[in-house]
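# Structural overview
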Amino acid sequence: SPCIFGPFATDSKNFDVALRRLIWGKFMNAGQTCIAPDYLLLHETNRQRFLEAFPGVIKDFYGVDPLRSTSLSKIVSEKHFDRLDSLLAECKILVGGTRDRSTKSFSPTLVEADLSTAKVWREEIFGPILPVYSWSKESDLDAIIERYPRPLALYVLGEDQGQSDRLLRRYPFGGGTSGDTLIHVANPLLPFGGIGESGLGSYHGKWGFTTFSHAKSVVIKSYSLDLKVRYPPYGDGWKKLKGFLS
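In this text, all values refer to a predicted model and were calculated from it rather than measured experimentally.

### Digging into the environment of Pro66
- The topology assignment puts Pro66 in the loop between helix 2 (47-62) and helix 3 (78-87).
- C-alpha separation for the pair Pro66 and Gly199, spaced 133 residues apart in sequence, amounts to 34 Å.
- Apart from residues lying up to four places away in sequence, Pro66 is in contact with Ile58, Leu72, Ser107 and Pro108.

### Focus: the pairing of strand 1 (residues 2-5)
- Neither face of strand 1 is open: one carries Pro2 and Ile4, the other Cys3 and Phe5, and all of them are buried.
- Two elements, strand 1 and strand 2 (residues 39-43), share four bridges in a ladder whose sense is parallel. Looking across to strand 2, one finds that Phe5 is bridged to Leu42.
- Sheet analysis places strand 1 next to strand 8 (residues 153-157), joined by three bridges and oriented parallel. Bridge pairing in strand 8 links Phe5 to Leu157.

### Focus: helix 2
- With 16 residues, helix 2 should cover 22 Å at 1.5 Å per step; its first-to-last C-alpha distance of 23 Å lies within 8% of that length.
- Roughly 30° is the biggest bend found in helix 2, and it falls at Ala53, with proline Pro55 one to four residues downstream.
- The complete set of buried residues in helix 2 reads Phe50, Phe54, Val57, Ile58 and Tyr62.
- In this structure, the buried residues of helix 2 make contact with strand 1, helix 1 (14-27), strand 2, strand 3 (91-95) and strand 6 (109-113).

### Notes on the packing of helix 1 against helix 2
- Remark: helix 1 packs on helix 2, axes separated minimally by 10 Å, with the N-to-C direction vectors making an angle of 60°. One way to sum up the angle between helix 1 and helix 2 is to call them oblique. For the crossing formed where helix 1 meets helix 2, the hand is right-handed. Of the residues in helix 2, those touching helix 1 at Phe15, Asp16, Leu19, Arg20, Leu22, Ile23, Trp24 and Phe27 are Arg49, Phe50, Ala53, Phe54, Val57, Ile58, Phe61 and Tyr62.

### Concerning the pattern of salt bridges
- Under the criterion given, the structure shown has 12 salt bridges.
- The shortest N-O distance in the salt bridge between Asp142 and Arg170 comes to 3.3 Å. With Asp142 in helix 4 (residues 138-145) and Arg170 in helix 5 (residues 161-170), this pair connects stretches of sequence that are 28 residues apart.
- Taken together, the salt bridges that share partners define one network made up of Glu138, Asp142, Arg166 and Arg170.

So, how was this worked out
Residues numbered from 1 in each chain as written. Predicted model: local features only at pLDDT ≥ 70, side-chain atom pairs only at ≥ 80, totals over all residues. Heavy atoms only, no water. Helix = DSSP H or I, 4+ residues; strand = E, 2+ residues; numbered from the N terminus. Contact = heavy atoms within 4.5 Å. Buried < 20%, exposed > 50% of the residue type's maximum accessible area, 1.4 Å probe, protein only. Pairing = 2+ DSSP bridges. Expected span 1.5 Å × (residues − 1). Bend = angle between axes of the 7 residues up to and from the residue. Axes fitted to C-alpha atoms, helices over the stretch in contact; angles between N-to-C directions. Parallel < 35°, antiparallel > 145°, perpendicular 65-115°, else oblique. Left-handed = near helix turned anticlockwise from the far one by under 90°. Salt bridge = Lys/Arg side-chain N within 4 Å of Asp/Glu carboxyl O.

Have a look at this one:
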């Protein structure tokens, strides 16, 4: 599930809001949610500001030592911890990267990695690792997003609402949010589900009732009228009726 971080004005306070919402959504339950942003597509005009501001938000949320934070979940198992740990072998760590297998603690981690070979770009992460890639033109996004199966979620953060609308229309995905992350699943008036490889069908609210119910089709027919033309042998009368119906 991609998160597209579009351009923000240099002095925009919306940037800070967008960054907090991204970090909140990515690292909730230590990234172990099916709708967490899997990777970040960061507009190059925001790159330096983003890298400078990211550690400060992590500190605000999880303290100086995130491994000791009671607000950051643990990794669900040692097997899963080892899988996440192995992903970092192919990455350049930009922020975070500290971890403790004995407690299954894994700090929020921002990384760069080879787009074509690194596992972090080739499989669902399901953990507190966020790979980042810079873009400048909207066409750059196509080359990355369209190389993957249709995602369960897609997020767009940016001040250009026209651009956000275009991107939300351009790519197929299960559900998503413009200006935030994750919150679309909290709305009972919206269906939640995937598309293609990310799932079939929807639930929540009335969609859940429809998905998990079976519509039984029944016809009740009267005996009062029974046209013989429906029965064999079929002769000229059937041909005339067929021609009339077609």
